[in-house]
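Residue strings, one per chain:
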Amino acid sequence: AFDPENVKADGTQYDVFVRDIIVDNESLIAGYERELPDELLIGPGSKIVTFKYGCRGYGDTRSVRYHVKLQNFEDDWRDVYGNTEATFTNLEPGKYMLMVKAGNPDNVNDAIPHIFEFRIGIWKMQANVTKTGRAQESIADRMGKHICI
């Protein structure tokens, strides 16, 4: 006979991976083959950053639920159900950690998060320094060229 006390939650763990990063509608790593850098530097002034992710596991990945959190941007985990991308807009310069957990509805809170670190750079004007140590305006400064640090 069926005994509800003997029903156990599915403890399947899923391996989460980032499959693409899109910055202002431009793919940075499209495809599964590329190795992600330890920390990605995204140029300043980027308006929209989208992470596409997925998971591998022995269970049915069609029923996987994801929880997402961008540390240094939001305080709480978001249950995004089966959605496999997260978009963030107008991020300030600084370091961030995208954390994604995947699991079945019964165990997603207990899943170990995949962590991907990235940084939004800041603008720095290029300047030439003369022999006297004084900064001199360069052509790049006048043209508004910037470098990311």
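Note that the coordinates shown come from a computational prediction; the quantities given were computed from them, not determined experimentally. (Residues numbered from 1 in each chain as written. Predicted model: local features only at pLDDT ≥ 70, side-chain atom pairs only at ≥ 80, totals over all residues. Heavy atoms only, no water.)

1. Some thoughts on the overall build of the protein chain
Stage number 1. Of the regular secondary structure elements, the protein chain holds 1 helix and 13 strands.
Stage number 2. The buried share of the protein chain, reckoned over its 149 residues, is 33%.
Stage number 3. Considering only contacts in the protein chain between residues 6 or more positions apart, those separated by 24 or more positions represent 61%.
Stage number 4. As presented, the protein chain carries roughly 9,900 Å² of accessible surface, and 48% of it is formed by carbon and sulfur atoms. (Helix = DSSP H or I, 4+ residues; strand = E, 2+ residues; numbered from the N terminus. Buried < 20%, exposed > 50% of the residue type's maximum accessible area, 1.4 Å probe, protein only. Contact = heavy atoms within 4.5 Å. Areas by Shrake-Rupley, 256 points an atom, 1.4 Å probe, with all protein chains shown as cover.)

2. Examining unusual backbone geometry
Stage number 1. Even without being a glycine, Asn 72 presents a positive backbone phi close to 80°.
Stage number 2. With respect to the secondary-structure elements, Asn 72 resides in the loop between strand E5 (65–71) and strand E6 (78–81).
Stage number 3. Given a relative accessible area of 59%, Asn 72 falls into the exposed group.

3. Structural notes on the confidence of the model for the protein chain
The predicted structure's coordinates, where accompanied by low pLDDT, should not be read in detail.
Stage number 1. Chain-level statistics for the protein chain give a pLDDT mean of 77 and a share of 68% at 70 or above.
Stage number 2. Overall, residues 135–149 carries pLDDT values under 50, and its contacts beyond four positions in sequence, including any with other chains, amount to 34 contacts. (pLDDT = per-residue confidence, 0-100.)

4. Focus on the pairing of E5
Stage number 1. Extensive coverage of E5 is indicated by the burial of 5 of its 7 residues.
Stage number 2. Sheet analysis places E5 next to strand E8 (residues 94–103), joined by 7 bridges and oriented antiparallel. Paired with Gln 71 across the bridge in E8 is Met 97.
Stage number 3. In this structure, E5 lies alongside E6, joined through 3 bridges in antiparallel fashion. Bridge pairing links His 67 to Asp 79 in E6.
Stage number 4. What sits between the antiparallel neighbours E5 and E6 is a turn of 6 residues, in which Asn 72 has the positive phi angle 80°. (Pairing = 2+ DSSP bridges.)

5. What to know about the nonpolar core
The nonpolar side chains of soluble globular proteins are, as a tendency, buried together.
Stage number 1. Judged by nonpolar contacts, the single largest core of 27 residues is most densely connected at Ile 21, Phe 51 and Phe 118.
Stage number 2. Going through the elements one at a time, strand E1 (15–23), strand E3 (39–42), strand E4 (48–56), E5, strand E7 (85–89), E8 and strand E9 (114–120) are the ones with two or more residues in this core.
Stage number 3. When sequence neighbours within four positions are dropped, the list of residues in contact with Phe 118 reads Glu 39, Leu 40, Ile 42, Phe 51, Leu 70, Leu 91, Gly 94, Lys 95, Tyr 96 and Leu 98. (Core = buried A, V, L, I, M, F, W, Y, C linked by side-chain atoms within 4.5 Å.)

6. Let's talk about the environment of Val 68
Stage number 1. Mapped onto the elements of the fold, Val 68 is located in strand E5.
Stage number 2. With a relative accessible area of 0%, Val 68 lands in the buried category.
Stage number 3. Here the alpha-carbon distance between Val 68 and His 114, two residues 46 residues apart in the chain, equals 9.7 Å.
Stage number 4. Aside from chain neighbours lying at most four places away, what touches Val 68 is Tyr 53, Glu 74, Asp 76, Trp 77, Arg 78, Val 80, Ala 86, Phe 88, Leu 98, Met 99 and Val 100.

7. Considering the side chain of Lys 69
Stage number 1. Relative to the elements of secondary structure, Lys 69 occurs in strand E5.
Stage number 2. One buried charged side chain, Lys 69, makes no salt bridge at all; its nearest oppositely charged neighbour is Asp 75, positioned 6.4 Å away.
Stage number 3. Each residue touching Lys 69, except ones within four places of it in the same chain, is listed here: Glu 74, Asp 75, Asp 76, Trp 77, Met 97, Leu 98 and Met 99. (Lys, Arg positive; Asp, Glu negative; His and termini not counted. Salt bridge = Lys/Arg side-chain N within 4 Å of Asp/Glu carboxyl O.)

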